[in-house]
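# Overview (structure and organization)
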Amino acid sequence: MEEGLGWLDTVDAALSQISEVMQIVREKTIAGGNGAYSETERYAIAKHLEQLNEQIMQIGNTSYDGRYIFGGDKTTEPPFIKDNNKIKYNGSENGLIKEMSFGVTMDIGIKGKDFENIFSIIDNIVNRLNNNESSADELKNLDSAFDNLLRIRAEVGAKQKRLEDMLQKK
């Protein structure tokens, strides 16, 4: 149970970091939608967003006790890889089922596949900005991905609470 709680704490911290970066991405996306911005300014925003995308990938490859936390049950290899300049999920579709106490199992795995679309949304924003187009049209997709991230964090929080309760009753 303690290992599961440590794992989930690490997952929650990583998701929190991704959320913080996503907030910056959102601010930059809004700025890139400003019609008064020049092509050079939009290009600069696009370059910054590319770096933020890389940062999210690095956070997505966070490990706990030598195992990657977002790979589902595939924990020995980085779940996110760069292939042809695109960030892709390389983890498992399966969760990470652990026995917390006799007869009580819990899926403590979070699959990066569940939030992989963040990378393609940011790529779309970058492409729009590199073409001197407004990025505002992608705001709805970005907000949807952010809402999904919040949903995942809520699920992790519920699992953390359950494990904390189980540990107290131990």
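What comes next concerns the included structure. (Residues numbered from 1 in each chain as written. Predicted model: local features only at pLDDT ≥ 70, side-chain atom pairs only at ≥ 80, totals over all residues. Heavy atoms only, no water.)

## So, the overall build of the protein
Within the protein one finds four helices and six strands. The secondary structure elements of the protein, listed N-terminal to C-terminal, are α-α-β-β-β-β-β-β-α-α. Dimensions along the principal axes, computed over C-alpha positions, put the protein at roughly 60 × 30 × 20 Å. Buried positions account for 43% of the 170 residues belonging to the protein. If you take every contact in the protein between residues at least 6 apart in sequence, the share linking residues at least 24 apart comes to 64%. For the protein, the exposed area adds up to about 8,700 Å²; of that, 44% sits on carbon and sulfur atoms. (Helix = DSSP H or I, 4+ residues; strand = E, 2+ residues; numbered from the N terminus. Buried < 20%, exposed > 50% of the residue type's maximum accessible area, 1.4 Å probe, protein only. Contact = heavy atoms within 4.5 Å. Areas by Shrake-Rupley, 256 points an atom, 1.4 Å probe, with all protein chains shown as cover.)

## Looking at the environment of Asn 148
Of note, Asn 148 is situated in helix α4 (residues 139-169). When the C-alpha positions of Asn 148 and Ile 118 are compared, they lie 9.9 Å apart, and in sequence the two are 30 residues distant. Not counting residues within four places of it along the chain, the set of residues in contact with Asn 148 comprises Asp 114 and Phe 115.

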